[in-house]
Amino acid sequence: MRQSYHGVVLAVPVTVPYVRYSIRSAHWWLAKAFSSLLEKSKLKKEEIDGLTVSSFTLAPDTAIGCTQHSGVSPRWLDHVPLGGASGVVALRRAARAVQAGDAEAVACLAGDTNHVDSFRLTLANFSQFARDAVYPYGAGGPNASFAFLTAHYMRLYGAKREDFGKLCVAQRANALLYPHALFKKELTLEEYLRARPIADPLHLFDCVMPCAGADAFLVLSEEKAKSLKLPYARLLGTIERHNAFSSDPVQLRAGWALDRDELYAQAACSPGDIDFVQAYDDYPVITLMQLEDLGFCGKGEGPAFVRGRSFTWDGDFPLNTSGGQLSAGQAGAAGGFLGMVEAIRQLTGEAPGRQVPDAKIGLVSGFGMINYDRGLGSGAAILAS
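This report concerns the structure included in the present document. (Residues numbered from 1 in each chain as written. Predicted model: local features only at pLDDT ≥ 70, side-chain atom pairs only at ≥ 80, totals over all residues. Heavy atoms only, no water.)

Here we take up the overall build of the protein chain. Along its length, the protein chain carries 14 helices and 11 strands. Relative to its length of 385 residues, the protein chain is compact, with a C-alpha radius of gyration of 19 Å against a globular reference of 21 Å. Considered along the principal axes of its C-alpha atoms, the protein chain spans approximately 55 × 45 × 45 Å. Every one of the 385 residues in the protein chain was classed for burial, and the buried ones make up 59%. (Helix = DSSP H or I, 4+ residues; strand = E, 2+ residues; numbered from the N terminus. Rg over C-alpha atoms; globule rule 2.2 N^0.38 Å. Buried < 20%, exposed > 50% of the residue type's maximum accessible area, 1.4 Å probe, protein only.)

Shown next as structure tokens:
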């Protein structure tokens, strides 16, 4: 029986402002996030005794290399190269370390640089499986993979481009109120629909924009956070699953569908109790998949759910209140942290201008490591004020 996460909290949400391109290394972005954590928490460097790092462009270094670059000496260390699932996975590992007494304060860092050609080089060597799978087709990268998944979902469940567009338009409205979002121009449904095609059926605003940046947060005990007088969000429950439903010919579901009952049981709540959702959103179809698999609607009911809800921060189903990656940008592995830091801000009253009214419980979901026809990693966490 899984033990509860009672007594574990998240604090000090940090974002190093994103930029489209950067000549700086991933090490710089991660160090900048770490420095901001220290500044905001008033902790000294030597008081951070746990560290977890997620990055695609840190190579040849891993998390252990960051200890030398940053001059820290943690007694607990983890490297989480899981992309969009990294925020949830980093949280889960850090939470157990704090509960076990292996660390008192864990800095969870994620960040990547984005040189003019670094994204293409990352894709070329993302995974052996993906490289082999796409070779016969002469196409690679996430646009092609998600076009494949999106087209299959649309055929099977009757989703329309207007359904995906409604999510994108709402998230852009949220992004206009988030200071770190890269997209600062209003998006209308008409503009979404007439945008140039990228990989059928995907058009421009369906595709996430790579950028450079970093996000971070602290995981510590509730007692420690109180002693430091830090606003915090409590961890009620969390799940992760990898390579779920591997026999499905094309991905239409992921690990959330296997473990969601346990997630809500841990948190002693139900989907109806959730005040906002921060879903991983590099492409809109994945958002619908998460809403279904996490129990907000039935499988295949995502299009109808979208048509009947409003998704801005002040709507009846606040979703990706910082704009999500589709309007804030995808800073590599930090994309898996974007929803987590925004959830902390919402639950600690640090989201001016886009604060969800009376937000007490939020859900953050992650999805990562796309391998041609599916993503391998999924996770979710429920946080409370």
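This next bit is on the sheet that holds strand S10 (residues 361-370). Spatially, S3-S2-S4-S7-S1-S8-S11-S10-S9 is the arrangement adopted by the nine strands of the open sheet, whose pairing is mixed. Among the strands making up the open sheet, the edge pair consists of strand S3 (76-79) and strand S9 (276-278). With strand direction ignored, the average angle separating the axes of adjacent strands in the sheet is 25°. (Pairing = 2+ DSSP bridges. Axes fitted to C-alpha atoms, helices over the stretch in contact; angles between N-to-C directions.)

Throughout the structure, instances matching the rule amount to 10 aromatic pairs. A ring pair is formed by Phe148 and Tyr372, whose centres lie 5.7 Å apart and whose planes are at 20°; its orientation type is stacked. Of the two residues, Phe148 is situated in helix H6 (residues 142-157) and Tyr372 in the loop between S10 and strand S11 (375-384); the sequence distance between them amounts to 224 residues. Of the residues examined, Tyr372 reaches a relative accessible area of 22% and is grouped as partly exposed. Here Phe305 and Phe317 contribute two aromatic rings whose centre-to-centre distance is 5.1 Å and whose plane-to-plane angle is 90°, an arrangement assigned as edge-to-face. On the criterion of sequence distance, the pair formed by Phe305 in helix H12 (residues 302-307) and Phe317 in the loop between H12 and helix H13 (324-328) is long-range, its members being 12 residues apart. Neither residue differs from the other here; Phe305 and Phe317 are each classed as buried. Among the aromatic residues, ring-to-ring pairing joins Phe296, Phe305, Phe311 and Phe317 into one connected group. Positioned above the aromatic ring of Trp28, the side-chain terminus of Arg24 is 4.2 Å from the ring centre. Above the face of the Tyr5 ring, Arg96 is positioned so that its terminal group lies 3.7 Å from the ring centre. (Phe/Tyr/Trp six-rings, centres within 6.5 Å; stacked < 30°, edge-to-face > 60°. Lys NZ or Arg CZ within 6 Å of the ring centre and 35° of its normal.)

Interpretation in functional terms is not warranted from these geometric data alone.
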